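# Architecture at a glance
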4 protein chains.
Amino acid sequence: MNIFGRNIRLSIFGESHGLGIGVVIDGLPGGIKLDTGRIEDEMERRSPGRSGISTSRREADKVEIMSGFVNGMTTGTPIAGVIRNTNTISKHYEKDLMRPGHADYTAYVKYGENRDYRGGGHFSARITAPLVFAGAVAKQVLEDEGVSVGAHILRIADVWDEPFDPVNVSAADLAAVSKKDFPVNDDEKGEQMRERILAAKNGRNSVGGIVECAAVGMPAGKGEPFFGSVESRLSAMLYSVPAVKAVMFGAGADFAAMTGKEANDEFYIKDGAVKTYTNNNGGINGGITNGMPIVFRAVLKPTPSIAQKQRTVNIEKMENAEIEIRGRHDPCVVHRGAVVIENAAAAALLDLLYDRF
Amino acid sequence: MNIFGRNIRLSIFGESHGLGIGVVIDGLPGGIKLDTGRIEDEMERRSPGRSGISTSRREADKVEIMSGFVNGMTTGTPIAGVIRNTNTISKHYEKDLMRPGHADYTAYVKYGENRDYRGGGHFSARITAPLVFAGAVAKQVLEDEGVSVGAHILRIADVWDEPFDPVNVSAADLAAVSKKDFPVNDDEKGEQMRERILAAKNGRNSVGGIVECAAVGMPAGKGEPFFGSVESRLSAMLYSVPAVKAVMFGAGADFAAMTGKEANDEFYIKDGAVKTYTNNNGGINGGITNGMPIVFRAVLKPTPSIAQKQRTVNIEKMENAEIEIRGRHDPCVVHRGAVVIENAAAAALLDLLYDRF
Amino acid sequence: MNIFGRNIRLSIFGESHGLGIGVVIDGLPGGIKLDTGRIEDEMERRSPGRSGISTSRREADKVEIMSGFVNGMTTGTPIAGVIRNTNTISKHYEKDLMRPGHADYTAYVKYGENRDYRGGGHFSARITAPLVFAGAVAKQVLEDEGVSVGAHILRIADVWDEPFDPVNVSAADLAAVSKKDFPVNDDEKGEQMRERILAAKNGRNSVGGIVECAAVGMPAGKGEPFFGSVESRLSAMLYSVPAVKAVMFGAGADFAAMTGKEANDEFYIKDGAVKTYTNNNGGINGGITNGMPIVFRAVLKPTPSIAQKQRTVNIEKMENAEIEIRGRHDPCVVHRGAVVIENAAAAALLDLLYDRF
Amino acid sequence: MNIFGRNIRLSIFGESHGLGIGVVIDGLPGGIKLDTGRIEDEMERRSPGRSGISTSRREADKVEIMSGFVNGMTTGTPIAGVIRNTNTISKHYEKDLMRPGHADYTAYVKYGENRDYRGGGHFSARITAPLVFAGAVAKQVLEDEGVSVGAHILRIADVWDEPFDPVNVSAADLAAVSKKDFPVNDDEKGEQMRERILAAKNGRNSVGGIVECAAVGMPAGKGEPFFGSVESRLSAMLYSVPAVKAVMFGAGADFAAMTGKEANDEFYIKDGAVKTYTNNNGGINGGITNGMPIVFRAVLKPTPSIAQKQRTVNIEKMENAEIEIRGRHDPCVVHRGAVVIENAAAAALLDLLYDRF
């Protein structure tokens, strides 16, 4: 199912080593000005090959906008963004050895002999590039409506960044962190995280982490009961991002240890608007935005591609085997994942913003 | 958006204090035998008023099956299950004081003056009754296909139950725990949990917790890239359940502290089938089932209705106010939530099972 | 697939001889006043048993509104309308003899042994009762927005009524015809039509016809390319009404004989608004409303249930057979069909009205 | 809404004079062999510029398959087909004069100043090229399942071709007509039709017509009540094709003049299978296929672009005006429309074929 959204619909396609990847975005109004330079910046933030802590595969990730966009403005009809794959080395990929932690085996079961196994095919994290394109478009539309989205690396391995203040986080805070190459609130912690990544790389291993994302400026009243809650729609989007294995809103897992008295966000009036003193609910009550910052976290597992010998199966011969993964891989996907999650969330939030009532 | 599912479609309706609540289930094949006694048992497990640790509102929750079901068999056309509300006391509910942690304020923003505010209206946890009906139907259909689902209370406040063994959990294990009144693997821990709940009640407070759910027997290859992943569809369903604020698959949040070497589930062949030694991925690779048990956790926040004075706003007068919630409330929703989550998950899993390829 | 609509979603259920039938309507805003008396009138217009030209099965078709409606106002959450079947005589229906022109055989193939065959089950025209309920609600919401819908019998057998004037038809014209028991513009033609129906009945036969429907007041700009055209969405709805076998917009089939010069509706400005001199396109250009009256026709086939011996098959024995249909049947469904089509169209038009841009 | 389908999902994009047009096809299984030569043939059949009776705009309409297709086989993931626009002359198009019969005015209302007005933009019949690509893929998949689809020109102006025999039409019949450049059953009638088209062209006018389409080999039991009928889903697709203004199944509009006795298709058993003697219902009972040939007709209006002076409005100045349309236009779209309808129908039929039960 390559389609997401109710009001904004994304249709995504492509494989890691195919001709190209892309996305069709339907549902934007006409007459929205889009700054393609900012879209390119966003693509660049996600793109691989920029440092020792990411894969050395270098992709320009130049998006060609095929439709729906004339003279710098949306026309109101579907926007198709297409990215050609240019730097593909397929020889590293073996068809019959299932890489642990990857989708090789499940793709085999689902699609059979003719799956595109090269580089994970359609399951490759490379398919997040069109998602970032869609999000970069969405972020500009959201900004026109006064909504800002930003994400930072909250944790890599045992190093934690300073979390967002769920009550007071501002558009400026989000902008500040989201333009960084390595998006953390505390750059010293960022240095330590980089060290953990390089250590993992040197140990032919990988590390996981947590991305925290926030949105400010979303009006109250977005999201719908029963099955269209903000949490349902955001988590459905976030779980489309490869490596995400947990999603938590507001106090998230910490709610399990709280009492109702501690957990409830009491209301008060400030400058004629309803606010809450705390924001344990992450800006969402009953699945609907309450006007406070929307705050959530996504846990990303460590990159499954590690340069160590692992036990696996040869699916053709149906026998036990060993695999040593070669190729160019990220020892950690959390920093690039932060860019993806920020943009994926923007796409989902725009869909929510367009709810009617 | 009251509709869930691609292959099985649920349409839910109703308010806590209205005439009735219900669900329409579309997409089941004809000729499936349903045991209505077992459906009643499931409704009974969720139903309120059975003990000191739940609300004293007593509802028979008798489901009248209006269509799609003749002589104990599905006909293949939509099954409508309707439950009349019988025991409603609306006088406890004040229209203008927004209960902290509840959807009162967001419902006000979304629907305005004419929202049904009595007992939370459509946002009431009571609306999970038809969801349990749908799940009880789904569980029987799943069983016919060899799939079992079960859930237990993993944690309430500071007390933890024994988790499921993610590699070896069996249909028998799931059946054993899911038929308990207070579903825990370790009944001693269950006793301690009950104590925590009663203590919270006595302190006019409430407690939260975690539900762990597992499914065994799901064939490999279910779920779809890019936006139709098992995690996306299960989490979208789980976040429809009131009080759920975090959803985690497999090792979940623990992935943040693991290395790739630790996290990867290595493959091997056993009795001609592909298995994994560990199951950190919770039975899901690349969003697709891999044939191992599907394991996930949902965190439920403490009941927001507590019998203490709380700060809030009077939305009509737009001024700060205080509220003391009366009425009949659960000091903890985790034990009833376990039943809801088990059944909600069953409905989502049946939808996944019917994916075509 | 029991669900219709993008912005307004209808979920329909029920069988002719089951416990009850109904519909869930989701997507209406809160705070809309609904006159239940007018809804009852609409149900009464469709209801059987009122004259010699319809079936003698008498059903009160009393709709119980279970949810989403308090103190005469919508709450904004799903409205469930449930109608109990009261007057069912199932003995007339034979399970194994497939009635020609009906869905007996296709239901057998699709659902197998356990289909509900009594009275056509879910395929019965009786299931249009909840559709009329949904349409009666939609008509009131449309009226609040200045949109009127009306339908008349354009043709029965060889008798034609006066068609609507596609350029000048007014809300008053629509209201005048749509409140008639036998909705025709020219009552003399209506008398002749009744004679044709009675003649068919006496001849143990049935007759078909055409319903013409129009809507005025729809703003320009509704509907969407490519797959969301007004024609696509209206026709999808109309073809859900049993017996409809052709749907035509504006000049419809007559376009085949026209030249471009004749067919094009030239524009001009009147009182500051864009109008067309003619309205061959039925108010729709490129799938989008242009502000002129929306005009379309639906052809209904003659009732398949006729009291004559017909050749058929016994599906159990898989051998040729004969059938003589008993029971209470309409010798013509066009007059009741006009009510159904008017209301079904209203539901689809409301869905279109709520398109965002 | 650029998305069609439940089981097969098409996402279409592009404008007549933009960078390119295309479609993403999701939902095909892996391992289906596709003959790209046959796809090219189908594109060629639709492509403009091949004769005096079509527009002189010449487009290669070369489809680049970006994804989902490796070594001549589908992989199971989305197939994106992209066609670059090469031969665009935009100077002929005036922004402010609304062409009668076109979507210029409705696009202006819907999208405003920034719509892509060049050549009709997204409303151009050129957008049917990706639809033909999708249909050409679908036809091959259908053939693997024993289903054949074919269409012919039934009527242009006053000239009628021989209709298909609705009971006995065969795959060979369909193949024979669908490979013709000018698809008619009776080539003499075809010559007369060409004369009518040339006469219209010479008179700076245009003509309309009817396309008849049939499918054989569809198994009984496809389609779904209540809103998923074969007629609903086929007509929704057909009404997406520009110029279609009427859709009729089986006897279609003729049902209005028939009695039940005449209209009913009586059943009998032939070689162990259930057949009908006649096929007035066009292979569909109760919205479900009955195993007989599926037969339907679509009426196409005359091309609105005619080289005569027409009255219109200048939308910028909001005043009455005149327009003389230049550019390269078809004096008749029915022969190219037959190719589009055949392929569009194939895409919708494949979606129906994949219904589960």
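Computed from a prediction, not measured in an experiment: that's the story for all the values here. (Residues numbered from 1 in each chain as written. Chains lettered and ligands numbered in written order. Predicted model: local features only at pLDDT ≥ 70, side-chain atom pairs only at ≥ 80, totals over all residues. Heavy atoms only, no water.)

### Some thoughts on the overall build of chain A
Summing up its helical and strand segments, chain A has eight helices and 18 strands in all. Overall, the C-alpha framework of chain A stretches about 70 × 50 × 40 Å when taken along its three principal axes. Within chain A, buried positions represent 68% of all 357 residues. Summarising the internal contacts of chain A: among those between residues at least 6 apart in sequence, 71% fall at separations of at least 24. Roughly 11,000 Å² of accessible area belongs to chain A as shown, and the carbon and sulfur atoms make up 46% of that amount. Taken together, the 42 basic and 45 acidic charged side chains of chain A have centroids lying 5 Å from each other. (Helix = DSSP H or I, 4+ residues; strand = E, 2+ residues; numbered from the N terminus. Buried < 20%, exposed > 50% of the residue type's maximum accessible area, 1.4 Å probe, protein only. Contact = heavy atoms within 4.5 Å. Areas by Shrake-Rupley, 256 points an atom, 1.4 Å probe, with all protein chains shown as cover. Lys, Arg positive; Asp, Glu negative; His and termini not counted. Charge placed at Lys NZ, Arg CZ, Asp CG, Glu CD.)

### Considering the relation of the copies chain B and chain C
Between the two copies, chain B and chain C, the superposition gives an RMSD of 0.0 Å; the rotation angle is 180° and the shift along the axis is 0.0 Å. Taken together, these values place the two copies in the relation of a two-fold axis. Across chain B, the smallest distance between a C-alpha and the rotation axis is recorded for B:S11, namely 3.4 Å. A high fraction, 100%, of the interface residues of chain B reappear at the interface in chain C, so the copies pair face to face through one surface. (Least-squares fit on C-alpha atoms with pLDDT ≥ 70 in both.)

### Details of the environment of A:T289
Here A:T289 lies in strand β15 (residues 288–289). For A:T289 and A:A134, which are 155 residues apart along the polypeptide, the C-alpha to C-alpha distance reads 23 Å. Sequence-distant contacts of A:T289, that is, excluding residues within four places in its chain, are made with A:M218, A:P219, A:A220, A:G221, A:K222, A:V230, A:G283, A:I284, A:I294 and B:T106. Only 2.8 Å separates the side chain of A:T289 from the backbone oxygen of A:P219, close enough to count as a polar contact. (Polar contact = N/O pair within 3.5 Å; in protein donor to acceptor, adjacent residues only side chain to side chain.)

### With respect to helix α3 (residues 128–144) of chain A
End to end, α3(A) covers 24 Å across 17 residues, agreeing with the expected 24 Å (1.5 Å per residue, within 8%). Along α3(A), 15 of the 17 residues are buried, which leaves the element largely enclosed by surrounding structure. (Expected span 1.5 Å × (residues − 1).)

### Focus on the pairing of strand β18 (residues 319–324) of chain D
The two faces of a sheet get side chains in turn, since along a regular strand they alternate between them. Residues and elements named next belong to chain D. Sheet topology places strand β17 (residues 309–314) next to β18; six bridges connect them, and they run antiparallel. The residue of β18 that forms the bridge with N314 is E319. Joining the antiparallel neighbours β17 and β18 is a turn of four residues, in which M318 adopts a positive phi near 50°. (Pairing = 2+ DSSP bridges.)

### Quick look at the environment of D:I269
When you line up the elements, D:I269 lands in strand β12 (residues 267–270). In this structure D:I269 comes out as buried when scored by relative accessible area, which is 18%. As for D:I269 and D:A257, which are separated by 12 residues in sequence, their C-alpha atoms are 29 Å apart. Those residues in contact with D:I269 that sit more than four places away from it in its chain are C:V313, C:M318, C:E319, C:N320 and D:V274.

### Some points on the interface of chain B and chain A
With 99 residues of chain B in contact, the opposing surface of chain A contributes 99 residues. Both faces considered, chain B and chain A share a buried interface measuring about 8,000 Å² in area, 62% of it formed by carbon and sulfur atoms. Together, B:M1, B:F226 and B:F227 form the three largest contributors to the area buried by chain B at its contact with chain A, with a combined 12%. Here chain B and chain A share four salt bridges between them. (Buried area = accessible area lost by both parts, 1.4 Å probe. Salt bridge = Lys/Arg side-chain N within 4 Å of Asp/Glu carboxyl O.)

### Comments concerning the side chain of B:R115
In this structure, B:R115 sits in the loop between α2 (104–111) and α3 (128–144). Buried and unpaired, B:R115 has no salt bridge, with B:E113 as the nearest side chain of opposite charge at 4.7 Å. Non-local contacts of B:R115, meaning those with residues more than four positions away in its chain, are made with B:K95, B:M98, B:D104, B:A107, B:Y108 and C:T75.

### Overview of the sheet that holds strand β3 (residues 20–26) of chain C
Residue and element names in this part refer to chain C. Taken together, five strands build an open sheet; the order of strands is β1-β2-β3-β7-β4 and the sheet is antiparallel. Of all the strands in the sheet, the pair left with one neighbour each is β1 (3–4) and β4 (63–65). Relative to β3, strand β2 (residues 9–14) runs antiparallel, the two being bridged by six bridges. Among the inter-strand pairings, F13 is bridged to a residue of β3, identified as G22. Contacts from helix α3 (residues 128–144) reach β2, β3, β4 and β7 (79–84), with the element oriented near 30° to β3. (Axes fitted to C-alpha atoms, helices over the stretch in contact; angles between N-to-C directions.)

### Concerning the interface of chain B and chain C
Counting from both sides, the interface comprises 37 residues of chain B and, opposite them, 37 residues of chain C. Between chain B and chain C the total buried area reaches about 2,900 Å² when both faces are included, carbon and sulfur atoms providing 61% of it. Seen at the junction of chain B and chain C, the total is two salt bridges. Across the pair B:R84 and C:E64 runs a salt bridge, and its minimum N-O distance is 2.7 Å. Between chain B and chain C we count 11 residue pairs in polar contact (both at pLDDT 80 or more) in total. For the side of chain B that touches chain C, the secondary-structure elements that each account for two or more residues are β2 (9–14), β3 (20–26), β4 (63–65), β6 (73–74) and β7 (79–84) of chain B. With five residues, β2(B) is the single largest residue contributor to the side of chain B that touches chain C.

### Some points on the sheet that holds strand β1 (residues 3–4) of chain D
Pairing is antiparallel in the open sheet, where five strands are placed in the order β1-β2-β3-β7-β4 (chain D). Of all strands in the sheet, those bounded by a partner on one side alone are β1 and β4 (63–65) of chain D.

### A word on the packing of helix α6 (residues 230–238) of chain A against helix α8 (residues 334–353) of chain A
Residues and elements named next belong to chain A. Where α6 meets α8, the closest approach of the two axes is 9 Å, and the angle between their N-to-C directions is 145°. The two elements α6 and α8 cross, and the hand of that crossing is right-handed. Contact residues: α6 offers V230, R233, L234, M237 and L238, while α8 offers I341, A344, A345, A347, A348, L349, D351 and L352. Classifying every residue of the contact of α6 with α8 gives 11 nonpolar, no polar and two charged. (Left-handed = near helix turned anticlockwise from the far one by under 90°. Nonpolar A, V, L, I, M, F, W, Y, C, P; charged D, E, K, R; others polar.)

### Things to note about the side chain of A:E15
One can find A:E15 in the loop between β2 (9–14) and β3 (20–26). Notably, A:E15 is buried but unbridged: the nearest opposite-charge side chain belongs to A:R118, and the N-O separation is 6.0 Å. When neighbours within four sequence positions are excluded, A:E15 is seen to be in contact with A:G20, A:I21, A:N85, A:D116, A:G121, A:H122, A:I127, D:S67, D:G68, D:T75, D:T77 and D:P78.

### What about the packing of α3(A) against α8(A)?
All names here are of chain A. One can describe the packing of α3 onto α8 by two numbers: an axis separation of 7 Å at closest approach and a directional angle of 50°. Overall, the two elements α3 and α8 adopt an arrangement that is oblique. At the point where α3 passes α8, the crossing takes the left-handed sense. Facing α3, whose interface residues are T128, L131, V132, G135, A136, A138, K139, V141 and L142, α8 presents V339, V340, E342, N343, A344, A346, A347, L349, L350 and L353. Taken together, the residues of the contact of α3 with α8 break down into 14 nonpolar, three polar and two charged. (Parallel < 35°, antiparallel > 145°, perpendicular 65-115°, else oblique.)

### Side note on the pattern of salt bridges
The tally for this structure, following the rule as stated, stands at 101 salt bridges over all chains. One network of salt bridges, with partners in common, ties together A:R6, A:E224, A:R233, A:D351 and A:D355.

### Remarks on helix α5 (residues 187–202) of chain D
All names here are of chain D. An ideal rise of 1.5 Å per residue puts 22 Å on 16 residues; α5 measures up with 22 Å between its terminal C-alpha atoms. For α5, the full list of buried residues reads G190, M193, I197 and A200. Axial view of α5: buried residues confined to an arc of 80°, hence all on one face. Across α5 from its buried face, at more than 90 degrees, point the exposed residues E188 and N202. The elements touched by buried residues of α5 are β8 (148–156), β9 (159–160) and α8 (334–353). (Arc of directions from axis to C-beta.)

### Examining the confidence of the model for chain A
Across chain A, the average pLDDT comes to 94, with 95% of residues at or above 70. Both scores are given for the predicted complex: the pTM is 0.96, the ipTM 0.96. (pLDDT = per-residue confidence, 0-100.)

### What to know about the packing of aromatic side chains
Two numbers describe a pair of aromatic rings. These are the distance of the centres and the angle of the planes. Residue and element names in this part refer to chain A. Applying the stated rule across the entire model yields 28 aromatic pairs over all chains. Seen from their ring centres, F249 and F296 are 5.7 Å apart, and the 45° between their planes marks the pair as tilted. With F249 in strand β11 (residues 244–249) and F296 in strand β16 (residues 294–300), this residue pair connects regions lying 47 residues apart in the sequence. Of the two residues, F249 and F296, both sit in the buried class. (Phe/Tyr/Trp six-rings, centres within 6.5 Å; stacked < 30°, edge-to-face > 60°.)

### Here's the deal with unusual backbone geometry
Residue and element names in this part refer to chain A. In this model, P225 is joined to F226 through a cis peptide bond whose omega is -5°. Here F226 lies in the loop between β10 (209–216) and α6. A positive phi angle, near 50°, is found at M318, a position not held by glycine. Checked against the element boundaries, M318 lands in the loop between β17 (309–314) and β18 (319–324). Accessibility expressed as a relative area gives 33% for M318, which makes it partly exposed.

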